[in-house]
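# A closer look at the structure
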Amino acid sequence: MQNRSAIIIFTILLALACLYSLSFSWFTSSFEAEAAEHAEYKLDSVAQMDQLSATEEDSIREYYQTQFIRQNGNEPLYPVVGLNYYDCEAQELKKGLDLEGGMSVTLEVSVPDMVRNLANNSRSSSFQEALNKAKELQKSSDDPYIDLFAQAWAEGNEPGRLVQVFHSRDTKEKFPNDLTDEQVIEILKEEAEAAVSNTEKILRTRIDKFGVTQPTIQRQQFTDRILVELPGAKDKDRVRKMLKSTANLEFWEVYNNRDLANAIFGLDTVLSKTLYPDFVMPDLGQPTRDSITVDVETGDTTILQIPDTTQAPVQLTPEEQKKAAPLTTLLRPNVFSPDGQALQLANSPVVGYASEEDLDAVLNLLRSEAAVNAMGYGDRLQFAWGSESTDDGLRPLYALKVLQRNGRPKLDGNSIVDARQDFDQVTGSVVVNMTMNSEGTKIWKAMTEEAVGNVGDDTDNQSIAIVLDSLVYSAPVVNSVIPNGSSVITMGGQDQESALREAKDLANLLKAGSLPAPANIVDEQIIGPSLGKENIDKGMMSFAIALMVILLYMIFYYRGAGVVSDIALVANMFFLLGALASIKASLTLPGIAGIILTIGMAVDANVLIFERVKEELRAGAGINAAIKKGYQKAYSAIIDANITTLLTAVILLFFGTGPIKGFATTLIIGIFTSLFAAIFLTRVIFSFRLDQKKSISFYGKATQNWFVNTAYKFIPRRKIFYAISGIIIIGGLSSLMTRGLDLGVDFAGGRTYIVEFNEEVDIETVNVALDETFVEADGKQAGNQVKKIGGTGRKVKITTNYMMSDESEDVDSRVDAQLAVALDKVGPYSTDSLESKKVAPTISDDFKTKASQAVLFSLLVIFLYIFFRFRKWQFGFGALVAMAHDVLVVLGLFSIFWGVLPFSLEIDQAFIAAILTVVGYSINDTVVVFDRIREYLNDRRGGGRKKVINDALNSTLSRTVNTSLSTFIVLFMIFMFGSDSIKGFTFALMVGVIVGTYSSLCIATPLVVDLSKDDEPKK
């Protein structure tokens, strides 16, 4: 064999690269196992552990695991390269949400809102009409919203008037008065692009601070959508709030702690009387506590002694303490004791501290009518929490000065031109340098002048708060006037590494500025951790069983050659996983299905080669010549078959989203690794065996004569096949027109929930509970559907369109709360295993469009390839009809058996992936058959065209049956032992394998005969 040494060297290098890529997962798994052992050890030492609930036990276990990782995560873990746990974790093969559990969200930047904001919410009727019309056009068009807005505006307005909508005193630099309509549209396009990019930046910054392991933030091509995946995320309300917030950056002047102490901490009496008018304070006597008052004129502090309600647990119950001092039981004053005895108010912008669970309660008290009237500041005061907690877990409270009539700050993020992390040249401290535009420079100078002051006492050098999304990110003290718009924020109170990280985050936030448009959640999926574990267990079981069945079958059928094929197959799996790890792909449930499908399809190349070798051996060739000719004759069919499968996988990658992209990625990589392993590795092994004069067997006694000299009449009976297919397709089309398909939320919009009850439940009981609970605001009944999934009778899938038209901020939380009410009526259920998905109607329309485009485009591309490859339109048309036949049969069967079979036949994105895979498999089989037909016709074998083609079909039966059978067995293993969530997906693939094999032999080839010129001798 030529170039054998080069192939061996390449194989070794490839194996080492894959081993290195996969080694990170081994190190992280070992470390996490050690953390789990530590957690179990610590858990055993917990007092009264037998009294803990399962949820409490899991929470404590997770705490100890996290603590172990934090304490040891920075220690060297990978000895050769010196990487720690966090470095290895970033490089390991990631698990997708369906295996890890977590939350996946697709956000869509609201470009219409951005356009409305840029026009300062203009009330122009022509502008509003254009906005609304463009939004309607968007439902049936893939064009960007700005293009549709331009079209709508041009239809109802004279040229040149558009700038009048956007030009104002605040926007005159961006929209000069002399712009044409085309120039305004170009600016709007730039702003829309910037809005999406800024959203992506801010989301990355927020998610990095959110503490999620290995998050994914990816902008979807040609759309205003951003995909966010958060493995392990559990607090879905917090995630929603974090992602949907508009990200407003603002600069506020602040009140000093000494200015507000009397006003804030004198509210207890007022709030107690207002909230609890019937409460009478008991005479507690001792002990007492210090009450702080400040003289506003002089700043002098006075300490008064009052009954200490917090230190009198015997006399006062917690409820009485809350009634006696509603505010100070929750909000701690910002004081310090220089001599260890007397308390003084801190000269600080922080006016108090509260624990995380009390934040909302404190703000509700401070914003109450009684508190606002008592303090006397009216609408000139606004409270905001700090973004970070102190070391003891308390959040600082700031009081912002509202000095403008519109309630807005004097300066916001739109004035920031640049911001970057740097170092102070004198002290070496970590700083952030920021630069503003001309208008911002003027405002910033005035604000810093005010903050610096000129009195010469401790009222000078006040702070200015940097507020992002209503949280104070930083409140630096202003020591000098900043006249040029360039200023420095010093990062203090932390180690150098933390200060650098915080400074970079702050610089990114300052550069991003405030978004001109909100981001709406249009697609959301939540998978509970226990369901992820179940998916892993079932996925790995189906993988192991499928692999074992194929390995044994190849040995049974091809004996020694089967062993060589198995070696190549195992190597193929190793290369495939190593390649996935090296490109940092996520392994998902459809990805595992893609790997298992690759196993079945990888066998095809070896089957093609081995069947060719067997033909040469039967023709009398020696083993050396038979192997050489077998490989040569199989190359054409192997290359053609894999290229057509590759084309469908690429189309799937282009049109698919989320897990479907993972399936396509796995399939594409699997095609290349399969080709390398099946062609080159097996050839090298055979070459070594031949050099050592060792025997090589390609069949056993039982299989030696299987499919030899078959003479089934495919062509003479083609009309029977046409009739059978016609009946099935007509029946399927009738069902499609009458019953339709079970459209999932991907295509119909809505919400789905997978819930597992503790005991078997009745579907009708769940339906009644939902109907009673899911009632729209206008009194109409929401559309609900409940299906049982799995074999236990405890797990159900709920689909509903409840409140899908509600666009309020907290709609998702309200729906979740109502669902909990409905489920509680049915019985106890596991919240850990709950899975949910939401798809807005707008994105479901896009899914439909993309799905149709993907299927039609794949049919067209493959027709063109077949036409180009075989140089005859009859081959291309026959393949096209066969593929369309397969698609129609699968769709028809899904319609006919919807509700009949004991598993879901829902049409979702995974089903489209299955359809395209069926198309790829079908054309794979068809190409192999066509290749043999072309060979027989070129050899001018005896008999007419029909006989030659029929003989060619019979000669491929061994390969066709072996490949189809092995692929079907693999899919059947997934179907039997895999997760319930992909049963419909694998069922579609199983049907596709059967139908694809049938159409190649009985539809595509007979059509080539009927469309070609008949050269049979006439009787």
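Residues numbered from 1 in each chain as written. Predicted model: local features only at pLDDT ≥ 70, side-chain atom pairs only at ≥ 80, totals over all residues. Heavy atoms only, no water.

Tracing the backbone shows D113 in helix α5 (residues 111-118). Residue D113 is classed as partly exposed on the basis of its relative accessible area, which comes to 25%. C-alpha separation for the pair D113 and L131, spaced 18 residues apart in sequence, amounts to 9.4 Å. There is a polar contact of 2.8 Å between the side chain of D113 and the side chain of R116. (Helix = DSSP H or I, 4+ residues; strand = E, 2+ residues; numbered from the N terminus. Buried < 20%, exposed > 50% of the residue type's maximum accessible area, 1.4 Å probe, protein only. Polar contact = N/O pair within 3.5 Å; in protein donor to acceptor, adjacent residues only side chain to side chain.)

On the secondary structure map, A546 appears in helix α18 (residues 529-558). Under the relative-accessibility criterion, A546 is labelled buried at 0%.

Moving on: a nonpolar patch on the surface. A cluster of nonpolar side chains, contributed by I9, I12, L13, L16 and L19, occupies part of the molecular surface with about 510 Å² of accessible area. Mapped onto the elements, I12 comes out in helix α1 (residues 4-44). You can call I12 partly exposed: its relative accessible area is 49%. (Patch = residues over 30% accessible without salt bridge, like charges linked within 9 Å, V, L, I, M, F, W, Y side chains within 5 Å. Areas by Shrake-Rupley, 256 points an atom, 1.4 Å probe, with all protein chains shown as cover. Salt bridge = Lys/Arg side-chain N within 4 Å of Asp/Glu carboxyl O.)

The strand order across the open sheet built from seven strands is β12-β14-β13-β19-β18-β7-β15, with neighbouring strands paired in mixed fashion. Of all strands in the sheet, those with a lone pairing partner are β12 (350-355) and β15 (411-412), marking the two edges. Packed onto the sheet, helix α11 (residues 257-265) meets β12, β13 (381-386) and β14 (394-401) and runs at close to 55° relative to β12. Packed on one face of the sheet, helix α16 (residues 438-452) meets β7 (249-253), β15 and β18 (464-468) and runs near 35° to β7. (Pairing = 2+ DSSP bridges. Contact = heavy atoms within 4.5 Å. Axes fitted to C-alpha atoms, helices over the stretch in contact; angles between N-to-C directions.)

Turning to helix α21 (residues 623-655), a few remarks are in order. Along its 33 residues, α21 runs 47 Å from first to last C-alpha, staying within 8% of the 48 Å computed at 1.5 Å per residue. A maximum bend of about 35° is found in α21 at Y635. (Expected span 1.5 Å × (residues − 1). Bend = angle between axes of the 7 residues up to and from the residue.)

Where helix α29 (residues 909-938) contacts helix α31 (residues 957-977), the two axes come as close as 11 Å, and the packing angle between them is 165°. Here α29 is positioned roughly antiparallel relative to α31, judged by the angle of their axes. As for how α29 packs across α31, the hand of that crossing is right-handed. Residues Y921, N924, D925 and V928 of α29 lie in contact with α31, whose contacting residues are R959, T960, T963, S964 and T967. Tallied by class, residues from the contact of α29 with α31 come to two nonpolar, five polar and two charged. (Parallel < 35°, antiparallel > 145°, perpendicular 65-115°, else oblique. Left-handed = near helix turned anticlockwise from the far one by under 90°. Nonpolar A, V, L, I, M, F, W, Y, C, P; charged D, E, K, R; others polar.)

Before going further, it helps to spend a moment on the packing of helix α25 (residues 763-773) against helix α26 (residues 811-826). At a minimum axis distance of 9 Å, the contact between α25 and α26 shows a crossing angle of 140°. Between α25 and α26, the angle is such that the two are oblique. Read as a crossing pair, α25 and α26 show a hand that is right-handed. Of α26, the residues touching α25 (which contributes T765, V766, A769, L770, E772 and T773) are Q818, L819, V821, A822, K825 and V826. The residue inventory of the contact of α25 with α26, partitioned by class, reads seven nonpolar, three polar and two charged.

Once that is clear, we can look at the side chain of R934. Following the sequence through the fold, R934 ends up in helix α29. At 3.3 Å, the side chain of R934 forms a polar contact with the side chain of S636. Aside from chain neighbours lying at most four places away, what touches R934 is S636, D640, R869 and F870.

The phi dihedral of K693 falls on the positive side, at around 60°, and the residue is not glycine. With respect to the element layout, K693 can be found in the loop between α22 (659-691) and α23 (718-738). On the accessibility criterion, K693 (76% relative accessible area) is exposed. Positive phi is not limited to glycine here, since M803 has a value of about 60°. If you trace the backbone, M803 turns up in the loop between β25 (795-800) and α26. M803 gets classed as buried once you look at its relative accessible area, which sits at 9%.

Grouped together as the largest cluster of nonpolar side chains are 71 residues, with contacts concentrated most on I866, F894, F911, F930 and F987. Among the elements that line this core, the one with the most residues is α29, at 15 residues. (Core = buried A, V, L, I, M, F, W, Y, C linked by side-chain atoms within 4.5 Å.)

In the structure shown here, the tally under the stated rule is 24 salt bridges. Measuring nitrogen to oxygen at the nearest pair gives 3.9 Å for the salt bridge that ties R934 to D640. Here R934, found in helix α29, pairs with D640, found in helix α21; they are 294 residues apart in sequence, far enough to count as distant. Summarising the burial analysis for this pair, R934 and D640 share the class buried. The partner of E906 in a salt bridge is K797, and the shortest N-O contact between them spans 2.9 Å.

With that settled, the discussion passes to the pairing of strand β4 (residues 102-109). Counting buried positions along β4 gives eight out of eight residues, so the element sits mostly inside the fold. Here β4 shows a buried face lined by G102, S104, T106 and E108 and a second buried face lined by M103, V105, L107 and V109. Across seven bridges, the pairing between β4 and strand β6 (residues 225-231) is antiparallel. Bridging across to β6, M103 finds its partner in L230. The pairing of β4 with strand β21 (residues 519-527) spans eight bridges and is antiparallel.

One pass over the structure, following the stated rule, counts 34 aromatic pairs. With centroids separated by 5.5 Å and ring planes inclined at 75°, the aromatic side chains of F610 and F698 adopt a geometry described as edge-to-face. Of the two residues, F610 is situated in helix α20 (residues 589-618) and F698 in the loop between α22 and α23; the sequence distance between them amounts to 88 residues. Taken individually, F610 and F698 each receive the classification buried, so the pair is uniform in this respect. Summarising the aromatic geometry, the rings of F875 and F930 are spaced 4.9 Å apart at their centres and angled 75° between planes, so their arrangement reads as edge-to-face. Highlighted residues: F875 in helix α28 (residues 873-896) and F930 in helix α29, separated in sequence by 55 residues. Relative accessible area serves as the criterion here: at 0%, F930 is assigned to the buried category. Within the aromatic cluster, the residues linked to one another by ring pairs are Y553, F556, Y557, Y558, F610, Y631, Y635, F686, F698 and W706. (Phe/Tyr/Trp six-rings, centres within 6.5 Å; stacked < 30°, edge-to-face > 60°.)

Another point: the confidence of the model for the protein chain. In the predicted model, the protein chain carries a mean pLDDT of 79, and 84% of its residues have values of at least 70. Mean pLDDT values over the elements of the protein chain span from 46, in strand β9 (residues 301-307), up to 93, in α23. This model gives residues 289-306 a pLDDT under 50, and the stretch forms 42 contacts once residues within four places in sequence are excluded. For the stretch residues 1015-1019, pLDDT sits under 50, and the model shows six contacts to residues farther than four places along the chain or on other chains. (pLDDT = per-residue confidence, 0-100.)

Attention now goes to the environment of S124. One can find S124 in the loop between α5 and α6 (125-138). Using a relative accessible area of 25% as the deciding quantity, one classes S124 as partly exposed. The spacing of S124 and V165 is 41 residues in sequence and 7.6 Å in space, taken between C-alpha atoms.

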